[in-house]
Amino acid sequence: MKFETKAIHAGQAPDPSTGAIIPPIFQTSTYVQEAPGKHKGYEYSRTQNPTRKALEECLAELEDGKFGFAFSSGMGAINTVLNLLKTGDHILACEDLYGGTRRIFQGVYARYGISVSYVEGTKMNELRKAIQRNTRLLWLETPTNPLLKILNIREWARWAHHHSAWLAVDNTFATPYLQRPLELGADIVVHSTTKYLGGHSDVVGGAIVVNDPEIAREISFYQNAVGAVPGPFDAWLVLRGIKTLALRMERHCDNAEKIAEFLRNHPGVKKVYYPGLPSHPGYILAKRQMKRFGGMISFELKNEREALKVLSRAKIFALAESLGGVESLIEHPARMTHATLSPEIRKKIGISNSLLRLSVGIEHIDDLLEDLKQALG
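Note that the coordinates shown come from a computational prediction; the quantities given were computed from them, not determined experimentally.

Engineer: What is the right way to look at the overall build of the chain in this model?
Structural biologist: Looking only at helices and strands, one finds 14 helices and twelve strands in the chain. The C-alpha atoms of the chain give a radius of gyration of 21 Å, which matches the 21 Å a tight globule of 377 residues would have. The 377 residues of the chain split such that 56% are buried. Within the chain, counting contacts between residues at least 6 apart in sequence, those at least 24 apart form 73% of the total. For the chain, the distance from the average site of its 46 positive side-chain charges to the average site of its 40 negative ones is 4 Å.

Engineer: Hey, could you run me through unusual backbone geometry in this one?
Structural biologist: Where the residue is not glycine, phi is negative for most of them; where a peptide bond is considered, it is trans in most cases. The residue after Thr142, namely Pro143, is reached through a cis peptide bond having omega -5°. For Pro143, the location among the structural elements is in the loop between strand S4 (135–141) and helix H6 (153–162). The omega torsion of the bond from Asn145 to Pro146 falls at 10°, within 30 degrees of zero and hence cis. With respect to the secondary-structure elements, Pro146 resides in the loop between S4 and H6. The phi angle at Thr175 is positive, at roughly 70°, despite the residue not being glycine. According to the relative accessible area criterion, Thr175 is buried, its value standing at 1%.

Engineer: Got a minute to help me understand the sheet that holds strand S9 (residues 296–301) in this structure?
Structural biologist: Pairing within the open sheet is mixed, and its five strands lie in the order S8-S9-S12-S11-S10. For this open sheet the edge positions go to strand S8 (269–273) and strand S10 (318–319), each flanked by a neighbour on one side alone. Where S9 meets strand S12 (residues 355–359), five bridges bridge the pair, whose relative direction is antiparallel. Counterpart to Glu300 in the pairing with S12 is Leu355. This element, helix H10 (residues 245–264), spans S8, S9 and S12 of the sheet and lies at about 10° to S9.

Engineer: How should I be thinking about helix H3 (residues 74–82) in this particular structure?
Structural biologist: Every α-helix winds through 3.6 residues per turn, so residues three or four apart in the chain are directed the same way. Most of H3 is tucked away, with eight of its nine residues classed as buried. Listing the buried residues of H3 in full gives Gly74, Gly76, Ala77, Ile78, Asn79, Thr80, Val81 and Leu82.

Engineer: What should I look at first to understand the side chain of Arg357 in this one?
Structural biologist: Following the sequence through the fold, Arg357 ends up in strand S12. At 3.1 Å, the side chain of Arg357 forms a polar contact with the backbone oxygen of Ser322.

Engineer: Hey, could you run me through the side chain of Glu56 in this one?
Structural biologist: Examined against the element boundaries, Glu56 turns out to sit in helix H2 (residues 50–62). The buried category is assigned to Glu56, whose relative accessible area is 10%. Here Ala70 takes part through its backbone nitrogen, which lies 2.9 Å from a polar atom of the side chain of Glu56. Beyond its immediate chain neighbours, meaning those up to four positions away, Glu56 contacts Gly68, Phe69, Ala70 and Gln223.

Engineer: What's the story with the pattern of salt bridges in this structure? I'm lost.
Structural biologist: Where charged atoms from two side chains of opposite charge approach closely, those side chains can pair. Counting across every chain of the model gives 19 salt bridges. Close ionic contact of Glu183 with Arg180 constitutes a salt bridge, the shortest N to O distance being 3.3 Å. Among the charged side chains, a salt-bridge network with shared partners connects Lys6, Asp64, Arg180 and Glu183.

Engineer: What is the right way to read the nonpolar core from this model?
Structural biologist: Across soluble globular proteins, nonpolar side chains have a tendency to be buried as a group. With 72 residues, the main nonpolar core has Ile242, Ile259, Leu263, Val272, Ile297, Phe299 and Leu358 as its most contacted residues. Membership of the second largest hydrophobic core comes to 47 residues, among which are Tyr118, Trp166, Leu167 and Ile208.

Engineer: Sorry if this is basic, but what is going on with the packing of aromatic side chains here?
Structural biologist: Two measures describe an aromatic ring pair: the distance that separates the ring centres and the angle between the ring planes. Under the defined criterion, the tally for this structure stands at eight aromatic pairs. Between the aromatic rings of Phe233 and Trp236, the centroid separation amounts to 6.0 Å while the plane-to-plane angle is 10°, which identifies the pairing as stacked. A residue pair is termed a helical-turn pair when its members lie 3 or 4 positions apart in one helix, as Phe233 and Trp236 do in helix H9 (residues 232–242) at three residues. Of the residues examined, Phe233 reaches a relative accessible area of 41% and is grouped as partly exposed. Ring pairs connect the aromatic residues Tyr274, Tyr283 and Phe293, which therefore count as one cluster. One Lys or Arg, Arg102, reaches over the ring of Tyr118 and ends 3.8 Å from the middle of that ring. Just above the ring of Trp166 sits the side chain of Arg136; from NZ or CZ to the centre is 4.0 Å.

Engineer: How do you make sense of the sheet that holds strand S3 (residues 115–119) when you look at a structure like this?
Structural biologist: Hydrogen bonds between backbone groups are what pair the strands of a sheet, and the pairing can be parallel or antiparallel. The strand order across the open sheet formed by seven strands is S1-S7-S6-S5-S4-S2-S3, and the pairing between neighbours is mixed. The open sheet is flanked by strand S1 (67–71) and S3, the only strands paired with a single partner. With direction set aside, neighbouring strand axes in the sheet form an average angle of 20°. With three bridges joining them, strand S5 (residues 166–170) and strand S6 (residues 188–192) adopt parallel strand pairing.

Engineer: Honestly, H6 in this entry has me stumped. Any pointers?
Structural biologist: Looking only at H6, the buried set comprises Ile153, Trp156, Ala157, Trp159 and Ala160. Viewed end-on, H6 has its buried residues packed into an arc of 170°, placing them on one side of the element. Structural note: H6 exposes Arg154 and His162 on the side pointing more than 90 degrees away from its buried face. For H6, the elements touching its buried residues are strand S2 (90–94), S3, helix H5 (124–130), S4, S5 and helix H11 (283–289). Where H6 starts, the residue carrying a side-chain oxygen 3.2 Å from the main-chain nitrogen of Arg154 turns out to be Asn152.

Conventions we followed
Residues numbered from 1 in each chain as written. Predicted model: local features only at pLDDT ≥ 70, side-chain atom pairs only at ≥ 80, totals over all residues. Heavy atoms only, no water. Helix = DSSP H or I, 4+ residues; strand = E, 2+ residues; numbered from the N terminus. Rg over C-alpha atoms; globule rule 2.2 N^0.38 Å. Buried < 20%, exposed > 50% of the residue type's maximum accessible area, 1.4 Å probe, protein only. Contact = heavy atoms within 4.5 Å. Lys, Arg positive; Asp, Glu negative; His and termini not counted. Charge placed at Lys NZ, Arg CZ, Asp CG, Glu CD. Pairing = 2+ DSSP bridges. Axes fitted to C-alpha atoms, helices over the stretch in contact; angles between N-to-C directions. Polar contact = N/O pair within 3.5 Å; in protein donor to acceptor, adjacent residues only side chain to side chain. Salt bridge = Lys/Arg side-chain N within 4 Å of Asp/Glu carboxyl O. Core = buried A, V, L, I, M, F, W, Y, C linked by side-chain atoms within 4.5 Å. Phe/Tyr/Trp six-rings, centres within 6.5 Å; stacked < 30°, edge-to-face > 60°. Lys NZ or Arg CZ within 6 Å of the ring centre and 35° of its normal. Arc of directions from axis to C-beta.

Written out as structure tokens, the structure reads:
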């Protein structure tokens, strides 16, 4: 079955009791049992719910994985992956990644004796030098947030497995429509389904997809034990969003490619970060690793004052955190999504105060370009 067909049908057979073409929302907390322990596969909705199960089966199919798990947020999914670790373990992560991921690494798990190191993820010699004997998990994003670097998933997987570690890939920016990390050697794929998978800025959720039955068994245990699961209506909203994922991603990519080219030629723009530009250092790898280049763009202006001026002038591009919805968003990473990082860390990574990040929506490209023209002045 092709991707577009899976997005509409995987895990979503018509309801057998009514014939409803759309699986219903099972808005229930518990299930009647015929006798103690004798039931139809459902006992309590924290453990399992038919609507959530439909979403989990769909997510697994989209990533070409065997086991899917849905969560109440992307951070709930990330936390569950970290539950696989124990005191004394080490995480090796790419340095350019979502600020909330760094926060949970260092603000939560460090107190339990789990250490973390960061490397420039495109430099494999740094990765080789940074792996330790107790490294249990390698963590990367590609494209990265917010600098849109492209990391070599196959190479990261090779080094992870050489050291008996797992590779987890946050695939939120790319989505399974553009990139499938499990096929490239990753062990664990993580999503914030709040973003492109939900696609309409009306739900918060997360997901994990794996192939290994032992990892799946542990993830399933922690999912139930910790309980960071989505309600059935949230699961249903993500399922609804996924049905149009392929169509939306094509439009996101179309628009982003045109906007990146416009920004590249604008005299007020200092630098553009978009893997679809041939000048991008990861362009060749992105062509090999991804179907298209995505809907996220970052760009630098001459100084922070100019950046803030653009934020205040933009009209269609709404000033807001998050990404991946049908509407276009603009944000200032240093003051918003990555504000929890110290100025020293932001400087080291390359997140300047003049950097802006766009989540390019699916509006008409002429209107988006016109908005950026007037905002840039």
